[in-house]
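# Report on the structure
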Amino acid sequence: DGTDHCYTHGGAKGYHEQWDSKLFHFTKHEVLRFLLSNLRWWLEEYQFDGFRFDGVTSMLYHSHGIDKGFSGGYQEYFGPDADMESHVYLMLANDLIHELVPSAVTVAEDVSGMPTLCLPIADGGFGFDYRLAMAIPDMLIKTLKEMPDEEWDMTYMCHTLTNRRWREKCIGYAESHDQAIVGDKTIAFWLMDQEMYTGMSLVSN
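## Side note on the side chain of T160
- Among the structural elements, T160 can be located in helix α6 (residues 154–162).
- Given the relative accessible area of 10%, T160 is considered buried.
- At a separation of 2.9 Å, a polar atom in the side chain of T160 contacts the main-chain carbonyl oxygen of Y156.
- Apart from residues no more than four positions distant in its own chain, T160 is found in contact with A135, I136 and M139.

In structure tokens:
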């Protein structure tokens, strides 16, 4: 249409500074048709059985969660920073996916701990099946990088492994692509490093 924001918001609202990317305008019918039809296409054409929604935290808040510490207080999630347009889109997306393929699984990558993320839409939730417990891989990498084995804080580790809202369905995992993005090493390399190549042969000393 001659503008730089046909399918996105104009001005600062349509630009993510940290990612250097544009942000969809979720109330435009053309945007909803494009995004929702993509979900349907992958489900029907390629028989996908679910989706992992990346960067959900960025969608949930006008601030994109940047420089915002989340302590668990509900005012942090549902105050004026809440991006209701994105909330509604995520509900529509989950509703469509589960309507087309009831057995499909949707997973949200969210670091904020948004309440209701994994509640059914009928109960006021977003409709996701699982939330990624993203603090776990961060904790494991930090522990391996900065502490010798004998100094591991088991209380902190147990807390991180179990820190979730009551009955919230989470996926715990050991390492994330985020480590690779910032040039970090995998857990295997933090544990074995060069010995992976020099110390695992039957003929090595």
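## A few points about the packing of helix α1 (residues 29–45) against helix α4 (residues 84–100)
- One can describe the packing of α1 onto α4 by two numbers: an axis separation of 10 Å at closest approach and a directional angle of 25 degrees. Looking at the two axes, α1 sits roughly parallel to α4. When the axes of α1 and α4 are compared, the crossing they make is right-handed. Contact residues: α1 offers L32, L35, L36, L39, R40, L43 and E44, while α4 offers Y89, L92, A93, L96, I97 and L100.
- For the contact of α1 with α4, the class distribution of residues is 11 nonpolar, no polar and 2 charged.

## Focus: the pairing of strand β4 (residues 105–108)
- The pairing of strand β3 (residues 50–53) with β4 spans 4 bridges and is classified as parallel. Bridging across to β4, R52 finds its partner in V107.
- Across 2 bridges, β4 lies against strand β5 (residues 130–132) in parallel orientation. Along β5, the bridge assignment pairs A108 with R131.

What counts and what doesn't
Residues numbered from 1 in each chain as written. Predicted model: local features only at pLDDT ≥ 70, side-chain atom pairs only at ≥ 80, totals over all residues. Heavy atoms only, no water. Helix = DSSP H or I, 4+ residues; strand = E, 2+ residues; numbered from the N terminus. Buried < 20%, exposed > 50% of the residue type's maximum accessible area, 1.4 Å probe, protein only. Polar contact = N/O pair within 3.5 Å; in protein donor to acceptor, adjacent residues only side chain to side chain. Contact = heavy atoms within 4.5 Å. Axes fitted to C-alpha atoms, helices over the stretch in contact; angles between N-to-C directions. Parallel < 35°, antiparallel > 145°, perpendicular 65-115°, else oblique. Left-handed = near helix turned anticlockwise from the far one by under 90°. Nonpolar A, V, L, I, M, F, W, Y, C, P; charged D, E, K, R; others polar. Pairing = 2+ DSSP bridges.

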